[in-house]
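Chain and residue survey
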Amino acid sequence: MNETQNTQTTMPQEAYVQSSAPVTQLKTNRGLIKFILLSIITFGIYGIVVLSGVSNDINTIAGRYDNKRTMHYCLLVFIIAPITLGIGAIVWFAKISSRIGNELKRRNLGYSFGAADFWLWNVLGSLIVVGPFIYMHKILKAMNILAEDFNKRG
């Protein structure tokens, strides 16, 4: 009995190191060409999946700092946008653009993005046809930058 007590008391305690890196790694490989081509091939399903990932990722990245929650993109596409005749989608994109821009500023990342990009490129830019593509490139790039920073610093 004395031997078992000695082995239990002489075992070294493990040192616990607290890491600031996040538990999960977010995707940083979003790109416009891939978004367009795979959305065409999958009849729009890939676009829904990517934008659902954007809504989840911004909630993961910014949720504990701004205490906000962005609506999941699938809920928007399948329920809210049809009921509101598309107005819900306009509001959603404006809000998520603003939230992404605020998080970029909070993290001091050198990329300019915000709700103004949505209104200028996606809404007014649709008059020159390429505006929505530029907006999508900007939102995907902003999320790649945020996700990369989150993967490093948490």
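Not measured: the values here are computed from a predicted model. (Residues numbered from 1 in each chain as written. Predicted model: local features only at pLDDT ≥ 70, side-chain atom pairs only at ≥ 80, totals over all residues. Heavy atoms only, no water.)

1. Description of the packing of helix H5 (residues 87-106) against helix H6 (residues 115-123)
- Direction vectors running N to C along H5 and H6 enclose 135 degrees, while the axes themselves pass 6 Å from each other. With respect to H6, the axis of H5 lies oblique. On the side of H5, the interface is formed by Ile90, Phe93, Ala94, Ser97 and Ser98, while H6 contributes Ala115, Phe118 and Trp119.
- Counted by class, the contact of H5 with H6 contains six nonpolar, two polar and no charged residues. (Axes fitted to C-alpha atoms, helices over the stretch in contact; angles between N-to-C directions. Helix = DSSP H or I, 4+ residues; strand = E, 2+ residues; numbered from the N terminus. Parallel < 35°, antiparallel > 145°, perpendicular 65-115°, else oblique. Contact = heavy atoms within 4.5 Å. Nonpolar A, V, L, I, M, F, W, Y, C, P; charged D, E, K, R; others polar.)

2. Some remarks on the environment of proline 132
- With respect to the element layout, proline 132 can be found in helix H7 (residues 131-153).
- Under the relative-accessibility criterion, proline 132 is labelled partly exposed at 26%.
- For the pair proline 132 and asparagine 122, spaced ten residues apart in sequence, the C-alpha to C-alpha distance is 4.2 Å.
- Sequence-distant contacts of proline 132, that is, excluding residues within four places in its chain, are made with Trp121, Asn122, Gly125 and Ser126. (Buried < 20%, exposed > 50% of the residue type's maximum accessible area, 1.4 Å probe, protein only.)

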